[in-house]
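# Coordinates in review
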Amino acid sequence: MDLLGLTIKNVSEKLKDGAFSCKELIKECLSIIKINDKKINAFLTLNEDGALKKADEFDNLIKNDKEIFKKKPLLGIPMGVKDLYTTRGIITTAGSKIIKDYNPPFNATVIRRLIDAGVIIVGKTNEDAWGHGSSGENTDYEPTKNPYDLSRVPGGSSSGSGAAVSYGACLVGTGTDTGSSVRLPAGYCNLVGLKPTYGRVSRYGVIAMASSFDSIGHMTKTVYDNAKVLEVTAGVDPYDGTTVPIRVDKYTKVLGQNIKGLKIGLPKEYFVEGLDNKINISIRESLKVFEKLGATIEEITLPHTDFAMAAYYILVPSEVSSNLSRYDGVRYGGPRELFGAEAKRRIMLGSYTLSSGYYDAYYLKAAKVRTLIKQDFENAFKKVDVLIAPTSPTLPFKIGEKVNNPLQMYLSDIFLCPTNLAGIPGLNVPSGFADGLPVGMQIIGSQFSEELLYKVAYLFEQETQHYKIRPQFKNG
Ligand code: GLN
């Protein structure tokens, strides 16, 4: 069984045909993890016994119930879960030492839905503590490495989930995207990663970073796989009042439909100095594929882009300082000294911007800028159907390269954070390789346009097949 080359779609077919059993599949995942994870460090906790037990249970169901694959659309699919998601009975640390022994008594809504659909959790994955970061290096544990080059970062903050899917440890990895954290690791690990519309997927049971930004998404090798998982996770949840009661589309149904006449906008503010030329070239090559598929391309403007990072780094720390205040060392969590440098920085910044006398000057002003950025996108979508941009201005960078320069680290997300300010969806798809490293491309749409994003990305993926190039463990 070549898990590195297999997708959810392939594995479902093979389980149905009896080519292998759930037990064989899960054993294979666990053995891949045991061999490789010492090098990669994608997992914080393994769910070995739980996963094997589930696999036995499902093998019995497959024998006795012909309809089981209809009832459980993700039956037997191995999943890595970012450690920000509460998982009943499986230690959940948020990548932080503050809650290193937390054993949750309940599952996040998304986890409950995925388990009901048949996924098997193989383990909890490493991340920047509390989701603060772009490289995985802000974890309170050992950082995760990029499977394409072990001296480089896999992208953060959902670093472990990205690396795990990429090196064949599982077939889907959950992430959270507050400013970048699904799309950036997807871009750096040659995966498909979705940041859905804010309110499309329930946040209940996902440890809060910045509540008005947090978007619950996931990474897979292919567009089909990604769409299949969103069909399960999306939809209104009584436990999260910000979820929206809009119908969940059957996203996989539209894959393969043509995109003739699609209007693509290129935001001119995203193709500027600071963008690595190799990435620029890769995206331009990819645009030719879209033209071949019948799309037209025009330049558009998002005039307030320059203010996006500043607004993000006022609003997000404000919400972070409020959300982290519950870990007071008395009711919840260990002593507050255990907070890492980045969490402390955000708590201080956020407490400052929310304090009386400064609130109007910083928080309120940034909130107004947020509205302007949202309007930029709304205006753009009056002219075009989707936007295309690079996911990151640089290729996956070296471990250690940006750790002492938080500002440089923040800038990794410059093309990603604006969509979180606006609450709209963005999908990373592999655009190819430069210097042997993955290049990510982002397709951005208006609110609740996930179906369109998948449709557009699918045809591109069929033409290019970049996802088939899996890591060879260079430098390993
Ligand atoms: N890198 C961004 C930050 O540190 C985004 C992180 C995220 O999406 N969780 O705020």
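Now for a quick tour of the structure. Please read these numbers as outputs of a predicted model, since none were measured by experiment.

For the rest of this paragraph, the subject is the overall build of the chain. Scanning the chain for helices and strands turns up 15 helices and 11 strands. Taken over C-alpha atoms, the radius of gyration comes to 21 Å for the chain, in line with the 23 Å a tight globule of 476 residues would show. Taking the principal axes of its C-alpha atoms as reference, the chain extends roughly 65 × 60 × 50 Å. A buried classification covers 62% of the 476 residues belonging to the chain. The long-range share in the chain, meaning contacts at least 24 apart out of those at least 6 apart in sequence, stands at 77%.

Looking now at the nonpolar core. Residues Trp130, Phe290 and Phe377 are the most contacted members of the largest nonpolar core, which totals 141 residues. At 10 residues, helix 10 (residues 308–324) tops the list of elements feeding residues into this core. The contacts of Phe290, once residues within four sequence positions are left out, are Ile259, Ile264, Ala295, Ile388, Met441, Ile443, Val456 and Phe460.

Looking now at the pairing of strand 2 (residues 78–82). A large share of strand 2 lies buried, amounting to five of its five residues. Burial of strand 2 is two-sided: the residues Pro78, Gly80 and Lys82 facing one way and the residues Met79 and Val81 facing the other way are all buried. Relative to strand 3 (residues 120–125), strand 2 runs parallel, the two being bridged by five bridges. Counted as the bridge partner of Pro78 is Ile120 from strand 3. Handedness of the β-α-β unit built from strand 2, helix 5 (residues 109–116) and strand 3 comes out right-handed. Bridge count for strand 2 against strand 4 (residues 172–177) is two bridges, and the pairing is parallel. Counterpart to Gly80 in the pairing with strand 4 is Gly173.

Strand 7 (residues 263–267) sits mainly inside the fold: four of its five residues count as buried. You can see the chain leave strand 7, run along helix 9 (residues 277–292) and come back into strand 8 (residues 296–300), and the turn it takes is right-handed. Pairing of strand 7 with strand 9 (residues 386–390), which is carried by two bridges, proceeds in the parallel orientation. From the neighbouring strand, Gly265 faces strand 9, where its bridge partner is Leu387.

Here the focus is the site of the ligand. Around the ligand sit 15 residues, and of these Gly179, Ser181, Tyr312, Arg346 and Asp413 come closest. Burial of the ligand by the protein chains amounts to 100% of its free accessible area of 300 Å². Residues of the shell around the ligand, tallied by class, amount to three nonpolar, nine polar and three charged.

Before going further, it helps to examine the pattern of salt bridges. Per the counting criterion, the structure on display carries 19 salt bridges. Notably, a salt bridge pairs Lys278 with Asp435, separated by 2.8 Å at the nearest N-O pair. With Lys278 in helix 9 and Asp435 in the loop between strand 10 (426–434) and strand 11 (437–444), the pair connects residues that are 157 residues apart, well separated along the chain. For Asp435, a relative accessible area of 54% translates into the label exposed. Linking Arg345 and Glu342 is a salt bridge whose minimum nitrogen-to-oxygen distance equals 2.3 Å. Placement of both Arg345 and Glu342 in helix 11 (residues 341–353) is noted, with a separation of three residues, approximately one turn of the helix. A residue is classified by how much of its surface remains accessible, and Arg345, at 31% relative accessible area, is partly exposed. Its relative accessible area of 9% is what places Glu342 among the buried residues. What emerges from the salt-bridge pattern is a single network uniting Glu342, Arg345 and Arg346.

Quick notes on the rules
- Residues numbered from 1 in each chain as written.
- Predicted model: local features only at pLDDT ≥ 70, side-chain atom pairs only at ≥ 80, totals over all residues.
- Heavy atoms only, no water.
- Helix = DSSP H or I, 4+ residues; strand = E, 2+ residues; numbered from the N terminus.
- Rg over C-alpha atoms; globule rule 2.2 N^0.38 Å.
- Buried < 20%, exposed > 50% of the residue type's maximum accessible area, 1.4 Å probe, protein only.
- Contact = heavy atoms within 4.5 Å.
- Core = buried A, V, L, I, M, F, W, Y, C linked by side-chain atoms within 4.5 Å.
- Pairing = 2+ DSSP bridges.
- Right-handed = clockwise from strand over helix to strand, strands pointing away.
- Near = heavy atom within 4 Å.
- Areas by Shrake-Rupley, 256 points an atom, 1.4 Å probe, with all protein chains shown as cover.
- Nonpolar A, V, L, I, M, F, W, Y, C, P; charged D, E, K, R; others polar.
- Salt bridge = Lys/Arg side-chain N within 4 Å of Asp/Glu carboxyl O.

Limitation: the analysis is restricted to geometry and does not speak to function.
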